[in-house]
Amino acid sequence: MPQPFYQQLLQLTDAAFADLNNAIANKRVAQAPNSEALFLSRWVTQAIKQQRFGKATAPYLKAWQQRSRAQGVNAGLKQEFERIEHSYRSLMVNSNRLPEIHQRQLDELLSQLNAQGWVLDIESEFNTEVNHATGGKPSLVIAAQQLKGAFEDDLLAKPLSLFVRGDHLALTALAHQHQMLLHKQSDYKSLVKYHGEYVLYPENSGPIIAELLPNS
């Protein structure tokens, strides 16, 4: 069975921090922000040249390399790697796997959003672009037909799209509290006009990096 993307991603960030810490311990790198940033920039380039990690992570390595070349010590690789580690590992309690998603977790999230004044629509059926009037309030839409077929025996069995207009950082944090990771497909262009699309995947195992929590 292929290794899940998130495990490949965490192998990459684990290796980056292990190599950085080893370089600091051996006094090859100073324990200072600029020195660490330069080390990780070179580390990413070496990882690409050595083809050290799987193909699934290759686009991210390329993007990090390009950002490092453009922004230098301000590229923020260490901070992003820390956010990846925190966002994923905080859900992996006593396990190297992410938890499955139960119907009740989504129900609890929607109930909390409703209490916070979000406009929710999980009863409309659509497969072409639609409008969703919100009166300026934040909103979340799920196509009824997709929601109906997404869960089997209380567990999420198929990807489920959430169309969102509102504070996506707050939504990311709230979903995380309910043991769910959101995977962004678009910022505002989707089947629901002016709404971004975020996807929940079975076992929280998406093919891209999930929306990350901020560094504490």
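Reference entry: report on the structure contained in this document.

About the thresholds
Residues numbered from 1 in each chain as written. Predicted model: local features only at pLDDT ≥ 70, side-chain atom pairs only at ≥ 80, totals over all residues. Heavy atoms only, no water. Helix = DSSP H or I, 4+ residues; strand = E, 2+ residues; numbered from the N terminus. Buried < 20%, exposed > 50% of the residue type's maximum accessible area, 1.4 Å probe, protein only. Contact = heavy atoms within 4.5 Å. Areas by Shrake-Rupley, 256 points an atom, 1.4 Å probe, with all protein chains shown as cover. Lys, Arg positive; Asp, Glu negative; His and termini not counted. Charge placed at Lys NZ, Arg CZ, Asp CG, Glu CD. Polar contact = N/O pair within 3.5 Å; in protein donor to acceptor, adjacent residues only side chain to side chain. Axes fitted to C-alpha atoms, helices over the stretch in contact; angles between N-to-C directions. Parallel < 35°, antiparallel > 145°, perpendicular 65-115°, else oblique. Left-handed = near helix turned anticlockwise from the far one by under 90°. Nonpolar A, V, L, I, M, F, W, Y, C, P; charged D, E, K, R; others polar.

Let us now look at the overall build of the protein chain. From N to C terminus, the protein chain includes seven helices and seven strands. The order of α-helices and β-strands along the protein chain, N terminus first, is α-α-α-α-α-β-β-α-β-β-β-α-β-β. Structurally, the protein chain occupies a C-alpha span of about 60 × 35 × 30 Å along its principal axes. Burial statistics for the protein chain: of 216 residues in total, 44% are counted as buried. Partitioning the intrachain contacts of the protein chain with sequence separation of at least 6 by distance along the chain shows that 62% fall at a separation of at least 24. Accessible surface computed for the protein chain: about 11800 Å², of which carbon and sulfur atoms make up 48%. If you average the places of the 21 positive and of the 21 negative side-chain charges in the protein chain, the two averages end up 12 Å apart.

Its location among the elements puts Ser161 in strand β5 (residues 160-165). Residue Ser161 is classed as buried on the basis of its relative accessible area, which comes to 9%. At 2.6 Å, the side chain of Ser161 forms a polar contact with the side chain of Glu197. Ignoring sequence-local partners within four residues, the contact set of Ser161 consists of Val141, Ile142, Gln146, Glu197, Tyr198 and Val199.

Each pair of packed helices gets described by two things: the angle between the helix axes and the distance between those axes. Where helix α2 (residues 33-50) meets helix α3 (residues 58-71), the axes come as close as 9 Å, and the angle between the chain directions of the two elements is 140°. Considering the angle they form, α2 stands oblique to α3. Crossing of α2 against α3: the hand is left-handed. For the pair α2 and α3, the contacting residues are Ser41, Val44, Thr45, Ala47 and Ile48 in the first and Leu61, Lys62, Trp64, Gln65 and Ser68 in the second. Its residues assigned to classes, the contact of α2 with α3 shows five nonpolar, four polar and one charged.

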